[in-house]
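Chain by chain, the residues:
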Amino acid sequence: MADSDDQPRQGAEVLTGAQSLVKSLEQVGADVVFGIPGGAILPAYDPLYDSKFVRHILVRHEQGAGHAAQGYAMVTGKVGVCMATSGPGATNLVTPIADAYMDSVPIVAITGQVAGPSIGTDAFQEADITGITMPITKHNFLVRRAEDIPGAIQAAFHIASTGRPGPVLVDITKDALQATAPFHWPQQVDLPGYRPVTKPHGKQVREAAKLISAATRPVLYVGGGVVKAGASAELKELAELTGIPVVTTLMARGVFPDSHQQNLGMPGMHGTVAAVGALQRSDLLISLGARFDDRVTGQLSSFAPLAKVIHADIDPAEISKNRVADVPIVGDCKEVITELISLLKASPDQLPRLSEWSSYLQDLKRRYPTGYDLPEDGSLSPQYVIQRIGELTGPDAYYAAGVGQHQMWAAHYLPFERPGRWLNSGGLGTMGYCVPAAMGAKVGVPDSVVWGIDGDGCFQMTNQELVTCALEGIPVKIAVINNQSLGMVRQWQTLFYQGRYSNTDLKTNRVPDFQKLAEAMGCVGLRAETPEEVDAVIEKALSINDMPVVVEFVVHKDAMVWPMVAAGTSNDEIKVARDMAPKWDEEI
Ligand SMILES: Cc1ncc(C[n+]2csc(CCOP(=O)(O)OP(=O)(O)O)c2C)c(N)n1
């Protein structure tokens, strides 16, 4: 946040609201904006045309702009920016805004609004976007005067990126963009009442350390907040100091290396047996930046029934929301973990003794590894495809996923060794997230490989952003895992609706031809149908770095995601395959 170059009001440059918007974006360091112009926001596009600092990327749908802003934010740690006109432009941003809200991604959405006097008259392209997005933004502004634009932009970026990150919307009326006012950049953000607590309370951390010392079956339940806090190194130190096993939620994959012996994998509905079993049998959950999401807890009343709970989160509203915390800690996870480490290090004789617990969990991990059977008819296994993409590309690449079976397989079979390399729509579960999020990520880290692992259903929702990628020189690689169906829904129909496949057959074996579609959008189109072809197409995709590449993998449509806890049931009911449950009888 640039707050040092305060300009005196006297003699300040007189600018249009549109010019001051662009200047404000320059002040906050917003170097990329994803958007589409239209009537109400049009004045802003004129000075944007001249900006030497802000790169505007013309997307093909505003939803794409929003997800691209998310992807950019996730990989750079900066605020992602999207821009749209009033009415339908703004409402097309609703899905990515809700997505960013659920997954705590810092984005600022700038929308044009009809002129102030027309507000409330059902004017052409009028939509009450601040009203619509009230429950899905961290904050939003309706700006009606040119002189208020710099302050609103400064505050929006501050709110989006501090405390628990999230989306902020700035809706600016057309007449405010057209009016003139002296440009004044506030010396500091003036938001009385907004003071996110980052430093944890010492007493609470001491209480937490006491519980840790006394525990015999503790688990570090690690969520996306640890990624956002950049606390991967601290987490590793805490885990290794104490020997406490770690589970990483869908949003936290990679924050603790999968190759680390203490990592039990992902908990929840499609979690590993070891992670789910560890939480269920734990006597102490140390929840760091996680939110006891229903996809993790399953039936809440039977979740981790014997465990005390330490719950650390930067957002006090999360604590005791779903599960009552014995020790609540409000604070930034990096600071919480650092303080815990120094307390625990000060009394090494108080560290918990976990050899029995660890060997029980290592045994579970060994007996119930995640795995899959190859189809007997020689067709392609989707899990194998995703695993090979990860193995041939490596853990330094960035991976975005869509929503569905392919997302869960990606969460299990990609190489998660580094924090912040994994982008997916965890909270909202938004089909269509993958392609634009991968695009935004590639803009943020142009020198890294960015793969999108998408489903044939999801891909058909937002693939048009590949046109943007082709024209703007954004060479992402997209794998379309084509199982000819809305696979995750089909899986539920198989398991819970007696195989009655109502409206889940996408007929993508006939239409569209993904290879031709890719080529029509200016990308390289590749295809693999047999296991023998897999490595060659992945290597070919990896060798092309000047154009976007789409690889269609035609896979078996009956592959299922395992393990699975059926919705609403207890995590104790986890199945490793159809009608196959782990044996829990060896109690410790
Ligand atoms: C926008 C949206 N609409 C509907 C759904 C419900 N839904 C969840 S997964 C899924 C199927 C996804 O199909 P596909 O992209 O082919 O992936 P697959 O599960 O086959 O890997 C659907 C329809 C959703 N999550 N998001």
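Conventions used here
- Residues numbered from 1 in each chain as written.
- Predicted model: local features only at pLDDT ≥ 70, side-chain atom pairs only at ≥ 80, totals over all residues.
- Heavy atoms only, no water.
- UniProt positions renumbered as here; feature names shortened; annotations may be inferred.
- Helix = DSSP H or I, 4+ residues; strand = E, 2+ residues; numbered from the N terminus.
- Buried < 20%, exposed > 50% of the residue type's maximum accessible area, 1.4 Å probe, protein only.
- Near = heavy atom within 4 Å.
- Polar contact = N/O pair within 3.5 Å; in protein donor to acceptor, adjacent residues only side chain to side chain.
- Areas by Shrake-Rupley, 256 points an atom, 1.4 Å probe, with all protein chains shown as cover.
- Contact = heavy atoms within 4.5 Å.
- Salt bridge = Lys/Arg side-chain N within 4 Å of Asp/Glu carboxyl O.

What about the UniProt feature "domain: Thiamine pyrophosphate enzyme TPP-binding" (unreviewed entry) in the protein chain?
Per the UniProt record, "domain: Thiamine pyrophosphate enzyme TPP-binding" (unreviewed entry) is found at residues 402-552. Within the segment residues 402-552, helix and strand shares are 43% and 15% respectively, and the terminal C-alpha atoms sit 14 Å apart.

A few points about unusual backbone geometry
Of note, the bond from valine 511 into proline 512 is cis; its omega dihedral lies within 30 degrees of zero at -5°. Locating proline 512 in the fold gives a position in the loop between helix H21 (487-496) and helix H22 (514-520). The linkage connecting tryptophan 562 with the following residue, proline 563, adopts the cis geometry, with an omega of -5°. With respect to the helices and strands, proline 563 occurs in the segment after strand E19 (549-554). At glutamine 484, a residue that is not glycine, the phi angle is positive and equals roughly 60°. Position of glutamine 484 among the secondary structure elements: in the loop between strand E17 (477-482) and H21. Phi is positive for aspartate 579, which is not a glycine, with a value near 60°. Looking at the element boundaries, aspartate 579 is found in the segment after E19. A relative accessible area of 69% means that aspartate 579 is categorised as exposed.

Regarding the site of the ligand
Taken together, 16 residues lie around the ligand, and His406, Gly429, Cys458, Gly487 and Met488 are the ones closest in. Residue methionine 488 places a main-chain N or O atom 2.8 Å away from an oxygen atom belonging to the ligand. Expressed as a share of its isolated accessible area of 580 Å², the protein-covered part of the ligand is 75%. At the level of elements, helix H17 (405-413), helix H19 (456-462) and H21 are the ones that each hand at least two residues to the shell around the ligand.

Considerations on the side chain of aspartate 283
Among the structural elements, aspartate 283 can be located in the loop between helix H12 (273-281) and strand E11 (284-288). Here threonine 216 takes part through its backbone nitrogen, which lies 2.9 Å from a polar atom of the side chain of aspartate 283. Apart from residues no more than four positions distant in its own chain, aspartate 283 is found in contact with Ala215, Thr216, Arg217, Pro218, Leu306, Ala307 and Lys308.

A short note on H21
Buried residues of H21: Gly487, Met488, Arg490, Gln491, Gln493 and Thr494, and no others. Those residues of H21 hidden inside the fold are in contact with H17. Backbone geometry just downstream of H21 places glutamine 498 in the positive-phi region, at approximately 50°.

With respect to the pattern of salt bridges
For the coordinates displayed, the defined rule picks out 24 salt bridges. The closest approach of N and O atoms between lysine 23 and glutamate 13, which form a salt bridge, is 3.0 Å. Taken as a pair, lysine 23 in helix H1 (residues 17-27) and glutamate 13 in the segment before strand E1 (14-16) lie far apart in primary sequence, 10 residues in all. A salt bridge links glutamate 339 to lysine 199; the nearest nitrogen and oxygen atoms lie 2.8 Å apart. Residue glutamate 339 is found in helix H14 (residues 333-346), and its partner lysine 199 is found in the loop between strand E8 (180-182) and helix H9 (202-214); the two are separated by 140 residues along the sequence. Among the residues examined, glutamate 339 registers a relative accessible area of 21% and is labelled partly exposed. When its relative accessible area of 52% is taken as the criterion, lysine 199 is described as exposed. Put simply, Arg164, Asp315, Glu318 and Lys321 are held in one network by salt bridges that share partners.

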